[in-house]
Amino acid sequence: MAGPAKFASSSNPGSRRREDRQPFSFRAAGEFSSTMTETSQDLLSGGIMETGSGLRARDFSIPELVAASLERIASIGHLNSFIDVYADEAMKVANHHQGLLDAGYVFGPLHGIPIALKDNIDIAGKRTTAGSALLADNIAKQDATLTAALKRAGAVIVGKNNLHEFAWGGTTINATYGNARNPWNPEHSPAGSSGGSGAAVATRAVFASIGTDTGGSIRIPSSFNGVTGIRPSIGRVSNSGVFPLAWSLDTAGPLAKSAVDCAIVLQAIAGHDPNDRQSARALVPDLYEQIDLPLRGARLGLIEDYSRKAVQPDVRDAFDAATATFERLGAVIVPIRLSDLEALMDAMIIIDAAEPSAIHAPWLRERAVDYGADVRAQLEAGFVFSAVDYVQAQRYRAHICHQFTEAFGLVDAILTPTIAYTAPRIGQLDVEIDGTMKNILANNMQFTSLASLTGLPAMSVPVGFDSSGLPIGLQIIGPALGEDQVLRIGAGLQASLDCYRKAPPGF
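Computed from a predicted structure; not experimentally measured. (Residues numbered from 1 in each chain as written. Predicted model: local features only at pLDDT ≥ 70, side-chain atom pairs only at ≥ 80, totals over all residues. Heavy atoms only, no water.)

## Let's talk about the packing of helix α3 (residues 62–75) against helix α4 (residues 87–102)
Moving on, step 1. It is at 8 Å that the axes of α3 and α4 come closest, and there the two elements cross at 155°. The angle between α3 and α4 falls in the class roughly antiparallel. Of the two possible hands of crossing, α3 and α4 adopt the one that is right-handed. Only Ala-87, Ala-90, Met-91, Ala-94, Asn-95, His-97, Gln-98 and Leu-101 of α4 make contact with α3, whose side of the interface consists of Ile-62, Pro-63, Val-66, Ala-67 and Leu-70.
Moving on, step 2. The residue makeup of the contact of α3 with α4, split by class, is 10 nonpolar, 3 polar and no charged. (Axes fitted to C-alpha atoms, helices over the stretch in contact; angles between N-to-C directions. Helix = DSSP H or I, 4+ residues; strand = E, 2+ residues; numbered from the N terminus. Parallel < 35°, antiparallel > 145°, perpendicular 65-115°, else oblique. Left-handed = near helix turned anticlockwise from the far one by under 90°. Contact = heavy atoms within 4.5 Å. Nonpolar A, V, L, I, M, F, W, Y, C, P; charged D, E, K, R; others polar.)

## Structural notes on the environment of Gly-464
Moving on, step 1. For Gly-464, the position within the fold is in strand β12 (residues 458–465).
Moving on, step 2. The spacing of Gly-464 and Arg-181 is 283 residues in sequence and 20 Å in space, taken between C-alpha atoms.
Moving on, step 3. If sequence neighbours within four positions are ignored, Gly-464 has contacts with Leu-470, Pro-471, Ile-472 and Cys-499.

## Brief notes about helix α5 (residues 145–152)
Given 3.6 residues per helical turn, the α-helix brings residues three or four places apart onto the same face.
Moving on, step 1. Among all positions of α5, only Leu-146, Thr-147, Ala-149 and Leu-150 are buried. Across the axial projection of α5, the buried residues extend over an arc of 160°, all falling on one side.
Moving on, step 2. Where the residues of α5 are buried, they touch β2 (114–118), β3 (156–161), β4 (208–213), β6 (251–256) and α8 (259–269).
Moving on, step 3. At the exit of α5 stands Gly-154, carrying a positive phi of roughly 90°. (Buried < 20%, exposed > 50% of the residue type's maximum accessible area, 1.4 Å probe, protein only. Arc of directions from axis to C-beta.)

## Topic: the packing of aromatic side chains
Moving on, step 1. The tally for this structure, following the rule as stated, stands at 8 aromatic pairs.
Moving on, step 2. Centre to centre, the rings of Phe-243 and Trp-363 are 6.2 Å apart; their planes meet at 5°, and the pair counts as stacked. One end of the pair, Phe-243, is in the loop between β5 (228–231) and β6; the other, Trp-363, is in helix α10 (residues 344–367), with 120 residues separating them in the sequence.
Moving on, step 3. Judged by its relative accessible area of 24%, Phe-243 falls in the partly exposed class.
Moving on, step 4. You can call Trp-363 partly exposed: its relative accessible area is 25%. (Phe/Tyr/Trp six-rings, centres within 6.5 Å; stacked < 30°, edge-to-face > 60°.)

## Some details on the nonpolar core
Moving on, step 1. Judged by nonpolar contacts, the single largest core of 131 residues is most densely connected at Leu-146 and Leu-150.
Moving on, step 2. Those residues in contact with Leu-150 that lie beyond four places of it in its chain are Leu-110, Ile-115, Leu-117, Ala-155, Ile-210, Val-265 and Ile-269.
Moving on, step 3. The next biggest cluster of nonpolar side chains, apart from the first, holds 15 residues, and it includes Ala-130, Leu-163, Leu-245 and Val-375. (Core = buried A, V, L, I, M, F, W, Y, C linked by side-chain atoms within 4.5 Å.)

The structure is reproduced here in structure tokens:
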């Protein structure tokens, strides 16, 4: 992304500019009001670029913005979306960055913006629990590569988000740190494993959260919570300093309000890292520069007999409406065929079970009782699969990758629903689809596995709500290292749909 001049903002004569601002007097975490003021609400309502422009125009200060974020975090305690909050430290950092801003140092669009990290990502001197009792006292010795990048970009990290234990689950039901809840209806799931991140962004407590995605753990929480989230290509963002789940599937990326906000955050954390052997040695394009180019002529693929199959009617209707919107914007919908998709979930489950079990084998022998019952059961199940099963799953993976490579010779992106249903109730095991009860655990990666197995970039964008007012997401899958295409297509759709602007009731 271009240097500071690109983000310089003109003065605003109507603003409440204060040249001689005194450092903000921060309060202890427990002293932040649980009732948001109207001013605080306003500070958190915009996107990253708009909010950053307000900071640079001196419409408000970084400490005021961070204080508003911390107040919002205090007000959503019932959603259990955070494991740790760094209130005092965040205010100190905010005052420091305000001093730099006042002295003319502008780090870029994230300068002074409050964000959070999923609690499987290291911050030096802070604990990384990965949502587990096994790591309750684990203090990180150094920043994850992406954490260091965010700090260099001037972001203010206000806390760590709740997750499914060790990121091995799709609900963020957590025996140690409590269950995260969906802000659209707290009786419903925020999904997982980045459920706390999704809820925090949806309530505008932070402008973005960095989540991790193995089988869909950025995209499914984005869909359930009505936010935008992108899983980058394998290798686009370093995994150094991120606790692994399944090393051949894992990647980290942002959940934010919009595709534009995701582009800004991803720009800051993407790039080659010699500390990560899977890190891509590829130039990162300017993800923001062309994000508002028109979609006329874009070729968007729909997988025949798959994209609209076995989904709830409200999800199908929202998907069809979004597809029609793309056509109105000048995009061309192209039917494509992928073979052997009936084996997709089997291959995904084998890889996504065997690799975590290999990582956790020593702890399972020595400290099995310290795991949550559900995660322990899943890790033990990973030992059931044989080496032959794992190799056959990887062979299937190569077969699917080849098909996608051929498909991207015909289309610029592929569209599917993000998930076949909207957020179920917490603890619900099955969901009805087309008159048949489907197991949630077995079916939640029906569409997200496509990008997970192939290592391709994929983003979930909000495209509507079901009859109960719960959000619905659409998935955009792009070619390898084609995050710029995915973001541009998502931003183009969001320029015509306003559902991404909507916050849960009360926010």
